[in-house]
Amino acid sequence: AKVAGRGRATEFQPEMKQAFLDRHRLQNDLRGAVERGEHRLQFQPIVDLQADRTLGFEALVRWDHPELGPVPPSRFIPLAEESGLILDLGRWVLREAISTARLWSEDVFIAVNISARQLTDADLVPFISATLADLGVPPRRLEIEITETALVDNDAIAIRTLRALRDLGCRIALDDFGTGYASLSYLQRFHFDKLKIDRSFVESCRVDENSSAIIAAVCALARRLRLSVVAEGIETADHRVFVAEVGCGLGQGYLFDRPLTQGEALERLAREANL
Ligand code: C2E
Ligand code: CA
Ligand code: CA
Ligand code: CA
């Protein structure tokens, strides 16, 4: 068995080498990609499940690699975090997202994902404050989405940054709720405005009693804490009915729309305004 094991290890070696080279290449190509204009944002609607209206959009970054084509954020965000490039990329995302929000009516918010590395950057809050002022967008229209994992390292600094953003008037959402290790302790330490229930729970809410129980419990908890709740990854009418029944106010997912271009997002808002 030992020999077979070793044999297998050598067999996998070329693949591992390839994976390393791919990573290395992406890491390199990411440098300067912002300046070269290779990124774009998409906007996915977050809807009020009762009123059936778009309340805001989440900005999701895309990278169109000149040779490899579109690279998913799950591949390049971790690389950008490791190299520190996330600071530049994150500033680009914020400015682009906030300037897109100017095209919408005053009551529509923009949600932006922020990485751990950005939360410990002393320039983040001044940058956001200056960008909002420069573009004339009120801070309450900007929602910052952070994951529990972003709070794990340097949590004291991270929480201080969140407080400063809150003082500025921005809203703060806890993303992928339920997938980390310390969800409840963060709820105790910081008053979030919103919880986003991870789509892994929503996906299985109709077939798995544990998932449906968790969603219902999170909604009950959120009500007590006066937080609003978004169910992510709503793909079917069944998902929608279930999450609404257990008290989830907001939803996001392919049932409503995939992430949209700037133009498509505007069309969606225009369509709703004319209903
Ligand atoms: P996330 O913040 O949890 O974003 C939601 C992801 O779920 C998006 O994937 C979205 O396209 C996908 N999604 C939305 N509705 C559905 C659905 O009904 N079914 C399924 N199966 N998926 C759905 P995306 O765009 O590939 O983003 C992946 C992750 O990359 C995001 O997860 C977020 O953690 C990260 N990310 C994206 N943009 C940024 C950014 O600008 N900055 C940072 N730091 N991270 C970002
Ligand atoms: Ca998010
Ligand atoms: Ca999420
Ligand atoms: Ca996620």
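Calculation rules
- Residues numbered from 1 in each chain as written.
- Chains lettered and ligands numbered in written order.
- Predicted model: local features only at pLDDT ≥ 70, side-chain atom pairs only at ≥ 80, totals over all residues.
- Heavy atoms only, no water.
- Salt bridge = Lys/Arg side-chain N within 4 Å of Asp/Glu carboxyl O.
- Helix = DSSP H or I, 4+ residues; strand = E, 2+ residues; numbered from the N terminus.
- Buried < 20%, exposed > 50% of the residue type's maximum accessible area, 1.4 Å probe, protein only.
- Pairing = 2+ DSSP bridges.
- Near = heavy atom within 4 Å.
- Polar contact = N/O pair within 3.5 Å; in protein donor to acceptor, adjacent residues only side chain to side chain.
- Areas by Shrake-Rupley, 256 points an atom, 1.4 Å probe, with all protein chains shown as cover.

**Considering the pattern of salt bridges**
Counted by the stated rule, this structure contains 20 salt bridges. We note a salt bridge from D29 to R25, for which the minimum N-O separation is 3.1 Å. Here D29 pairs with R25, and both are found in helix α1 (residues 2-30), just four residues apart, close to one helical turn. Residue classification places R25 among the partly exposed positions, given a relative accessible area of 32%. Two residues, D52 and R240, come together in a salt bridge whose shortest N-O distance is 3.5 Å. Of this pair, D52 sits in the loop between β1 (39-48) and β2 (53-65) while R240 sits in helix α11 (residues 237-245), placing them 188 residues apart in sequence.

**Here's the deal with the pairing of β2**
For β2, the tally of buried residues reaches ten of 13 residues, placing the bulk of the element in the interior. As paired strands, β1 and β2 are joined by ten bridges and run antiparallel to one another. By the bridge assignment, H39 is partnered in β2 with W63. Here β1 hands over to β2 after four residues, with D52 in that stretch at a positive phi of 60°. By the bridge criterion, four bridges tie β2 to strand β4 (residues 109-113) in an arrangement that is parallel. Paired with F57 across the strands is I110, a residue of β4. Note that β2 and strand β3 (residues 69-71) share three bridges and pair antiparallel.

**Quick word on the site of ligand 1**
Taken together, 20 residues lie near ligand 1, and R62, S115, R199, E235 and Y254 sit nearest. Here V61 contributes a backbone N or O atom positioned 3.2 Å from a nitrogen atom of ligand 1. Y254 has a polar backbone atom sitting 2.9 Å from an oxygen atom of ligand 1. Protein chains shield 82% of the accessible area of ligand 1, which is 810 Å² for the free molecule. Mapped by element, the contributors of at least two residues to the shell around ligand 1 are β2, α2 (73-83) and β6 (171-177). With four residues, the single largest contributor to the shell around ligand 1 is β2.

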